[in-house]
Amino acid sequence: MKKSLLLLFLCQFLAVSAVAVDGNEMLQKVDRNLNPESYEMYRKLINIEPDGSKKEFIMYSVKKGKDKIASVFLSPASEKGRGTLRVGENMWLYIPNVGKPIRITSLQSITGGVFNNSDIMRVDYSAEYNCEKAEPSDNEYILYLKAKTKSVAYDRVKMWVDYNKLLPFKIECFASSGMLIKTLYFNKIKDFGGGIVRPAVIETDSPLYKGYRSVIIFAKVEKKDLPDEVFTLNYMSKIESLR
Amino acid sequence: MFFKRYLQTDYISRRKSFHFRIWLLLLFLSISFSGYLRAEDKTSETLDLDFEIPEVEKKPYEFLAELEILETVKGLDNDSLLFLQKYPGGRDEETFFQTDLNLKVEGSYQAQTLKLYARLNGSFWYNDEEDWENDLQTEEAYLSIQPSPSVAFDVGKKVLKWGKGYAWNPAAFFSRPKDLDDPDATLEGYFSASGDLIKSMDGPLKTMALTPVILPVSSHINDEWGAEKEIVWGGKIYFFTWDTDLDVMFLFGEEVKDRLGFDFSKNISSNFEIHGEAAVVFDHVKYITDKDGNLYEEKNNVLNLLAGMRYQTSRNATIIFEYYRNGQGYNSDEIKDYFDLVEAGYQDYTSSGNMAKLAISREYGSQFYNKQTVMRDYLYLKVTQKEPFDILYFTPAATCIFNINDKSASLTPQITYAPITNLELDLKATFSFGKEHTEYGEKMNDYKIVAAARYYF
């Protein structure tokens, strides 16, 4: 009887561990399907007010590895030349007028609106989160993610993943108090060429910004070899020269 | 043409000037208010997203411009010593108006590894004491060569801003001091040659970068540094390790005094950043007046320090707090002697019409004393509340600068609103508080209100 119980316990333990490993593996695959290891992209970020009026920002970004991303604003004129850099949980903003990079935090927003800095400078989810549980459903998996450190913007994330495409279609972001901060919706899957097939639109809304929405539209996502020196403070004023 | 007619002469022009300013203020308020009404009244529209991004096509040249209209009202403190120093005979009006028109234009041209960049700042202003005046300044104009992402060279007039502080940067050896009223404003650069050598690595030390600088000084170039011909050289070494930015900087000259500096910054959590700077100026010469107007030199090695933090609350307010130790500043006794000199000069003038002492105090004031951060220890606090009451792009803020040595202070509430792309409206008021013979207590203005509209294109 004791042996049977021990066997049952071991089986359950191994089964739980296997699901946890699968969840993290799935998360890494989701990351790779969203972005290649090293690439460049153009993004349009749109803040939409309750009355429907919009404010648009165009960004050029380069990303390398799991946790390095650098961007520069191409428009509007009031933001032109502003650069951002993220290495892990370190974030900097370069404002041409100010003339030097300043440290910023992930919960601030350089553009205003619902997206904060960690959304705009998104690195791989697997770099920031561990999958605690992967819950299967019809054609989807729900991944329950927990932040690896306290410096990550959202303490917990709930990710709905299309099981066939291994791409997310909805993400809920929670504070450590359990409060829902925002929901991200991934829409319009597009073939960008070079084997990159991913959602071209990310929409977000937030109970903290009732009636407001923000959207990111992706364009020209291409693989690009980038030296590590691009992701340094000294290079922030020169990001646009990579175009 | 309108402005020329508007400025013809005294009474009529001043009446018109007053009406013009009212018109500007109404324009400012109407744009702000209409933006707010528009945001409130429109009904929801269906999302109509434009997927085109024409900026994907890169042009070799680029131009940007910023047009700024400023209206300033100062409430003068008729009893303050700096008012009496400037207007010993008094002034008819208790308020001072100024209108500014600024146009900043920047352009660049890039061909492979070469880039040319220039930024010009044209200013026109009119106030109660001057007709329209103008000034054109080349803030930056340089050639940049970048053979690879890890190597770059810049030659020309360029701003080199170092340090991690928001309000003060004691370790910014090669740049002009910031304007405390607007720390984010662009500055004018110096003529220099500088480079960037960057090396990224695996391991705890992730990045190391060297920025060498050579700055020529003569009576024709960079003459703010001195009239004697010399080459000032210096540099900065940057380290990124253990999620911390560290810089060591140095400057060596002959007439220009040697300096060594250090700074750091680090994110403690997702909403909390700390930073600091330290700089030593060797053989720094300070000029001190006694209450009779005799000027003395004091030579010392001085230490300047800054410690600060940036914190974001759960309600989306950002708090910037800094302490600054200005080792080059005056202590309470020294500043008291200066104010005593101004007071004695004013009494001489009123009793006998003798301007000698007042003239000396004006000269010392313009060279040494009537400047920002003139004393030793300061606190800076800025609280910015992002988009309160769900009003997007609306940012109220309040800034307090506190002089620890004489317990005087300034307080600046401010609202910024950017209702339309590329348009920014800014309204701020600065109030000075302090007893007699204190830095802010003796400021010429009791208050200063500035309304600004900026358009970027």
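Attention in this report is confined to the structure presented alongside it. (Residues numbered from 1 in each chain as written. Chains lettered and ligands numbered in written order. Predicted model: local features only at pLDDT ≥ 70, side-chain atom pairs only at ≥ 80, totals over all residues. Heavy atoms only, no water.)

Next up on the list: the overall build of chain B. Looking only at helices and strands, chain B has 5 helices and 18 strands in total. Counting only residues that meet the buried cut, chain B has 48% of its 457 residues in that class. When contacts within chain B are restricted to residue pairs at least 6 apart in sequence, long-range pairs at least 24 apart make up 55% of them. A total accessible area of about 23,200 Å² is found for chain B, and carbon and sulfur atoms account for 58% of it. (Helix = DSSP H or I, 4+ residues; strand = E, 2+ residues; numbered from the N terminus. Buried < 20%, exposed > 50% of the residue type's maximum accessible area, 1.4 Å probe, protein only. Contact = heavy atoms within 4.5 Å. Areas by Shrake-Rupley, 256 points an atom, 1.4 Å probe, with all protein chains shown as cover.)

Close approach of charged atoms allows side chains with opposite charge to pair. The final tally for this structure, using the stated rule, is 41 salt bridges over all chains. The residue Asp 228 of chain A makes a salt bridge to Lys 68 of chain A at a minimum N-O spacing of 3.9 Å. Within this pair, whereas Asp 228 of chain A is found in the segment after strand 13 (213-223), its partner Lys 68 of chain A is found in strand 3 (residues 68-75), the two being separated by 160 residues in sequence. Its salt-bridge partner being Asp 128 of chain B, residue Arg 91 of chain B comes within 3.8 Å of it at the nearest N-O pair. Within this pair, whereas Arg 91 of chain B is found in the loop between helix 3 (81-86) and strand 2 (95-111), its partner Asp 128 of chain B is found in the loop between strand 3 (114-127) and strand 4 (133-148), the two being separated by 37 residues in sequence. Judged on exposure class, the residue Arg 91 of chain B and its partner Asp 128 of chain B are both buried. One salt-bridge network, held together by shared partners, links Arg 32, Glu 37, Lys 63 and Asp 124 of chain A. (Salt bridge = Lys/Arg side-chain N within 4 Å of Asp/Glu carboxyl O.)

Once that is clear, we can look at helix 4 (residues 332-352) of chain B. Since one α-helical turn is 3.6 residues long, residues separated by three or four positions face the same way. Residues and elements named next belong to chain B. Between its first and last C-alpha, helix 4 extends 30 Å over 21 residues, near the 30 Å set by a 1.5 Å rise per residue. Of all the positions in helix 4, only Glu 334, Ile 335, Tyr 338, Phe 339, Asp 340, Leu 341, Val 342, Ala 344 and Gly 345 are classed as buried. Its buried side turned inward, helix 4 meets helix 3, strand 11 (272-289), strand 12 (295-312) and helix 5 (356-369). Sitting at the amino-terminal end of helix 4 is Asn 331, which places a side-chain oxygen 3.1 Å from the backbone nitrogen of Asp 333. Of the residues one or two after helix 4, Gly 353 is the one with positive phi, at around 80 degrees. (Expected span 1.5 Å × (residues − 1). Polar contact = N/O pair within 3.5 Å; in protein donor to acceptor, adjacent residues only side chain to side chain.)

Residues and elements named next belong to chain A. Judged from the 7 bridges that link them, strand 7 (residues 129-136) and strand 8 (residues 140-147) form a sheet pairing that is antiparallel. Considered in strand 8, the bridge of Tyr 129 is made with Ala 147. Taken together, strand 7 and the strand that follows it, strand 8, pair antiparallel across an intervening segment of 3 residues. Direction of pairing for strand 8 relative to strand 9 (residues 156-162): antiparallel, over a ladder of 7 bridges. Bridge pairing in strand 9 links Leu 145 to Val 157. (Pairing = 2+ DSSP bridges.)

As a further point, take the side chain of Gln 146 of chain B. One can find Gln 146 of chain B in strand 4. We classify Gln 146 of chain B as buried; its relative accessible area is 15%. Gln 146 of chain B has contacts with Tyr 235, Lys 238 and Ser 241 of chain A together with Thr 113, Val 151 and Ala 152 of chain B, leaving out every residue within four places of it along the chain.

Formed by 50 residues in total, the largest nonpolar core has its most connected members in Tyr 125, Tyr 129, Leu 143, Leu 145, Met 159, Ile 171 and Leu 184 of chain A. In this structure, Ile 171 of chain A is in contact with Tyr 125, Val 157, Lys 158, Met 159, Lys 182, Thr 183, Leu 184 and Phe 186 of chain A, ignoring residues within four places of it in sequence. With 26 residues, the next largest nonpolar core counts Leu 74, Phe 231 and Ile 239 of chain A together with Ala 209 of chain B among its residues. (Core = buried A, V, L, I, M, F, W, Y, C linked by side-chain atoms within 4.5 Å.)

Bringing a nonpolar patch on the surface into the picture now. Taken together, Tyr 61, Phe 63, Tyr 109, Leu 114, Leu 116, Leu 143, Ile 145 and Phe 153 of chain B make up a surface patch of nonpolar side chains, about 790 Å² in accessible area. Accessibility expressed as a relative area gives 39% for Phe 153 of chain B, which makes it partly exposed. (Patch = residues over 30% accessible without salt bridge, like charges linked within 9 Å, V, L, I, M, F, W, Y side chains within 5 Å.)

A word on the side chain of Ser 265 of chain B. Looking at the secondary structure, you find Ser 265 of chain B in strand 10 (residues 259-269). When neighbours within four sequence positions are excluded, Ser 265 of chain B is seen to be in contact with Arg 103 of chain A together with Lys 164, Thr 244, Asp 245, Glu 273, Ile 274 and His 275 of chain B.

Attention shifts here to the environment of Met 91 of chain A. Examined against the element boundaries, Met 91 of chain A turns out to sit in strand 5 (residues 90-94). Other than its neighbours up to four places away in sequence, Met 91 of chain A contacts Leu 85, Arg 86, Ile 102, Arg 103, Ile 104, Thr 105, Ser 106, Asn 117, Ser 118 and Met 121 of chain A together with Asn 267 of chain B.

Residue and element names in this part refer to chain B. Their axes nearest at 8 Å, the elements helix 4 and helix 5 cross at an angle of 145 degrees. The chirality of how helix 4 crosses helix 5 is left-handed. Contacts from Glu 334, Ile 335, Tyr 338, Leu 341, Val 342, Ala 344, Gly 345, Tyr 346, Asp 348 and Tyr 349 of helix 4 reach helix 5 at Lys 357, Leu 358, Ile 360, Ser 361, Tyr 364, Gly 365 and Tyr 369. Considered class by class, the residues forming the contact of helix 4 with helix 5 number 11 nonpolar, 3 polar and 3 charged. (Axes fitted to C-alpha atoms, helices over the stretch in contact; angles between N-to-C directions. Left-handed = near helix turned anticlockwise from the far one by under 90°. Nonpolar A, V, L, I, M, F, W, Y, C, P; charged D, E, K, R; others polar.)

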